[in-house]
Amino acid sequence: MGGTGGDAKVWAARAVVAVLLLVPCVALLWVPSYTKVKPVVFGFPFFYWYQLLWVLIGAACLAVAYVLTVWLERQRKAARP
Amino acid sequence: MSPGVVGADVDRVALVVFAALFLVVTVIGFMAARWRRAADLMHLDEWGLGGRSFGTFITWFLLGGDLYTAYTFIAVPALVFGAGAIGFFAVPYTVIVYPIIFVFLPRLWSVSHRHGYVTPADFVRGRWDSRALALAVAVTGILATMPYIALQLVGIQVVLETMGLGGDLPLIVAFAILAAYTYSSGLRAPALIAFVKDGLIYLVIAVAIIYIPTQIGGWGHIFAAASKHLASVNPKTHKPFGSLAIAPAGRWAYGSLALGSALALFMYPHCVTAVLSTKDRNVVRRNAAMLPAYSLVLGLIALLGYMAVAAGVKPAGGNAQLAVPELFHTMFPSWFAGVAYAAVGIGALVPAAIMAIAAANLFTRNVYREFIRPAATSAEEAHVSKVVSLVVKFGALVFVLGLDKSFAINLQLLGGIWILQTFPAIVFGLYTRWFHRHALLTAWAVAMIYGTRVAYGVPVPGKLHSHFGGPTAMVGLVHSKVYIALTAFVINVALAVVLTLVFRALRLPSGTDQTVDGDYLADVGDVAVGELPGLADEQAPPPAAAATSPDRSPA
């Protein structure tokens, strides 16, 4: 790791990236939270639309994580002589 | 038996459309050698990694074409068709995989860029200074990839059969063409063909999920029909076929299949090959955010299994793998069925080509150069890889034609279990050198044997004394069935930790690390480390060597 820490903004960004990456994993590995049929939406049982919804949420999380990571890498490069 | 299956008349219209599209990709495959032309294709960086030059856009198609294979498109809906909700694990699997790769693949890209590594085993060799561990990783990769290539052939075979083309000849012709253009164009061929493949897949799925439900009474009806079918009793096992949502007893199996598969995916050499062909560190991160588009498509493809149930498809011989092609045959006009078959057929070519290239690279770098001819020049490496890619494809063909198809399926199941056991040496190695190389090797061997034995002991439902009946086995600790790959992985890691402590206490030498901390964060523009000893007579420097602005941090 770069050792550029100390800056509160950098640490906050790192924490947010970690959360964004963990959230989709935890949500989908917590299987008991979605193994049910109701409510049905547009004919889709909950089990199916809920997981497909997480595909979209997961992609959004990664997009934000990407923007933050690019910013973090720029900070790291700027900090280096 | 429904009409139009094996032995019935050939569907001429579908066949003509299929053949025309196949011809188009064949031309593209051969022309790819000139695309983004390199000065010298006889270099493994060029033939085997497309010049390490692919940007976000190309990589999105290439990885999409690579990860979501024809076999996936056949097997996932087949599982949903036959067993219901459990088959939908492909969705959480392909969601979880992206946060995982977002974290570690940029580091693998950087260190490989810095040291000119072509395969994951190259990295293992450099990081752990262990020829044996690198060989273990390379052999595991080749073993896991071979049956995967064979299953792509099965995917082509399935659509050929549905069109009424039985026999071995059409399959041999299709594969001979694939082998020829992979030989001449290398990774550029699948990269270019992936555009056609992914375009066709998106088109077919968009049409299928809009058109088919309107024909058979809407989504509500599809799920109702599936629910009714899944609740009925399977005459073979005397239990219901499955359920519409995972039953409490199946939760561990569902979650562990998703997690285990996600951890394993980027241990497959063909996935690493596609990643190392990118031009900078962030391409793979951008793609992690964009690739879930394919996961959505895969989720919808999985639901084709239920559509087949609702449409009353009865695949020949009860072979669930024919469910989706049969559904297309029943629901679509002939010409569009031809497009759909072509999507699956071409969908098999892209990953099969990349897998053959990846297996060939592993052999060349980690067996041939390491153990047979350490003085091999880069032109010789490229030549050996090209020849091996032919051998690999021929082997897969013999496999599918000569042996029982279930043998390939069993081996692919084992391949998934095996490949995950290379995770500690590769991914842990990207972060720490705390582990001892001998500990990693011993733990790998134990996990391989354990996983193989347990998988062998799983009977096929309803058949006593049968083997390789499924990917999950009972684990006493959680009183549930768990994905064998994940159980073996936990044993692997635990053993590696214990043995590392022991070997360190015994002061066994841990070798010299070729890499330094800064290598793992290097980006395009940072210099590559000088050539490895075996490559001293190299003519063309790798692309990175031309770059400037050194930023090596002290070791």
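Analysis parameters
Residues numbered from 1 in each chain as written. Chains lettered and ligands numbered in written order. Predicted model: local features only at pLDDT ≥ 70, side-chain atom pairs only at ≥ 80, totals over all residues. Helix = DSSP H or I, 4+ residues; strand = E, 2+ residues; numbered from the N terminus. Rg over C-alpha atoms; globule rule 2.2 N^0.38 Å. Buried ≥ 20, exposed ≤ 12 C-beta atoms within 10 Å, placed from the backbone. Contact = placed C-beta atoms within 7 Å. Core = buried A, V, L, I, M, F, W, Y, C linked by C-beta atoms within 7 Å. Expected span 1.5 Å × (residues − 1). Pairing = 2+ DSSP bridges. pLDDT = per-residue confidence, 0-100. Axes fitted to C-alpha atoms, helices over the stretch in contact; angles between N-to-C directions. Parallel < 35°, antiparallel > 145°, perpendicular 65-115°, else oblique. Left-handed = near helix turned anticlockwise from the far one by under 90°. Nonpolar A, V, L, I, M, F, W, Y, C, P; charged D, E, K, R; others polar.

**Comments concerning the overall build of chain B**
Of regular secondary structure, chain B possesses 21 helices and 4 strands. The globule rule puts the C-alpha radius of gyration for 555 residues at 24 Å, and the 23 Å found for chain B is close to it. Taken over the C-alpha atoms alone, chain B extends approximately 65 × 55 × 40 Å along its principal axes. Taken across its 555 residues, chain B has 56% of its residues classed as buried.

**Points about the overall build of chain A**
In terms of helices and strands, chain A carries 2 helices and 0 strands. Since a compact globule built from 81 residues should have a radius of gyration of about 12 Å, the 18 Å found for chain A marks it as more spread out than a globular shape. Dimensions of chain A along its principal axes, counting C-alpha atoms only, are 60 × 20 × 15 Å. Looking at the 81 residues of chain A, the share that counts as buried comes to 25%. Considering only intrachain contacts with a sequence separation of at least 6, the fraction spanning at least 24 residues in chain A is 62%.

**Section: the nonpolar core**
Residues and elements named next belong to chain B. Core analysis: the biggest nonpolar cluster contains 209 residues, and Ala150, Ala359 and Leu440 have the highest contact counts within it. Among the elements that take part in this core, helix H16 (residues 334–372) stands out by supplying 21 residues, more than any other. In this view, Ala150 contacts Ala396, Phe399, Val400 and Ala408; residues no more than four positions away in its chain are not counted.

**Quick notes on the interface of chain A and chain B**
With 29 residues of chain A at the contact, the number on the chain B side is 32 residues. Only helix H1 (8–29) and helix H2 (46–79) of chain A provide two or more residues apiece to the side of chain A that touches chain B. Ranked by the residues each element gives to the side of chain A that touches chain B, the list is headed by H2(A), at 14 residues.

**Here's the deal with helix H14 (residues 292–310) of chain B**
Residues and elements named next belong to chain B. Here H14 spans 28 Å end to end across 19 residues, near enough to the 27 Å set by a 1.5 Å rise per residue. Among the 19 residues that make up H14, 16 are buried, leaving the element largely enclosed by the rest of the structure. At the exit of H14 stands Gly312, carrying a positive phi of roughly 75 degrees.

**Some points on the environment of Pro325(B)**
Residues and elements named next belong to chain B. Note on placement: Pro325 falls in helix H15 (residues 323–331). Residues Pro325 and Met163 lie 162 residues apart in sequence; the distance between their C-alpha atoms is 8.9 Å. Leaving out residues up to four positions away in the same chain, Pro325 has contacts with Val158, Val159, Thr162 and Tyr341.

**Quick notes on the environment of His438(B)**
Along the chain, His438(B) turns up in helix H20 (residues 437–456). For His438(B), the contacting residues outside a window of four places in its chain are Phe503(B) and Leu508(B).

**Some remarks on the pairing of strand E4 (residues 480–483) of chain B**
As a general feature of sheets, a regular strand has side chains that alternate between the two faces. Residues and elements named next belong to chain B. Across 4 bridges, the pairing between strand E3 (residues 472–475) and E4 is antiparallel. For Met474, the partnering residue across the bridge sits in E4 and is Lys481. Remark: 4 residues form the turn of the hairpin made by E3 and E4, two consecutive strands paired antiparallel; His479 in that turn has positive phi of roughly 50 degrees.

**Observations concerning helix H8 (residues 169–185) of chain B**
Residue and element names in this part refer to chain B. In this model, H8 (17 residues) spans 24 Å end to end at C-alpha, consistent with the 24 Å of a helix rising 1.5 Å per residue. Among all positions of H8, only Ala174, Phe175, Leu178, Ala179, Tyr181, Thr182, Tyr183 and Ser185 are buried. Contact partners of the buried residues in H8: helix H1 (12–31), helix H7 (131–162), helix H9 (188–215), H16 and helix H17 (378–402). Looking one or two places after H8, you find Gly186, whose phi comes out positive at around 65 degrees.

**Topic: the environment of Lys386(B)**
Residues and elements named next belong to chain B. Looking at the secondary structure, you find Lys386 in helix H17. Note: C-alpha distance between Lys386 and Arg251 (135 residues apart in sequence) is 45 Å. In this view, Lys386 contacts Trp47 and Tyr183; residues no more than four positions away in its chain are not counted.

**What about the confidence of the model for chain B?**
Looking at chain B, the pLDDT average stands at 83 and 92% of residues meet or exceed 70. Overall, residues 1–7 of chain B carries pLDDT values under 50, and its contacts beyond four positions in sequence, including any with other chains, amount to 13 contacts.

**Quick look at unusual backbone geometry**
A cis amide bond, omega 0 degrees, links Lys38(A) with the succeeding residue Pro39(A). With respect to the helices and strands, the residue Pro39(A) is situated in the loop between H1 and H2. Positive phi is not limited to glycine here, since His479(B) has a value of about 50 degrees. Mapped onto the fold, His479(B) is located in the loop between E3 and E4. We classify His479(B) as exposed; it has 9 C-beta atoms within 10 Å.

**What about the confidence of the model for chain A?**
With 90% of its residues at a pLDDT of 70 or more, chain A has an overall mean of 86. Scored below 50 in pLDDT, residues 1–5 of chain A shows 8 contacts in the model against residues more than four places distant or in partner chains.

**Observations concerning the packing of H1(B) against H8(B)**
Residue and element names in this part refer to chain B. Where H1 contacts H8, the two axes come as close as 8 Å, and the packing angle between them is 25 degrees. Viewed along their axes, H1 and H8 adopt a mutual orientation that is roughly parallel. At the point where H1 passes H8, the crossing takes the left-handed sense. Side by side, H1 and H8 meet where Thr26, Gly29 and Phe30 of the first sit next to Ile177, Tyr181, Ser184 and Ser185 of the second. Split into classes, the residues belonging to the contact of H1 with H8 amount to 3 nonpolar, 4 polar and no charged.

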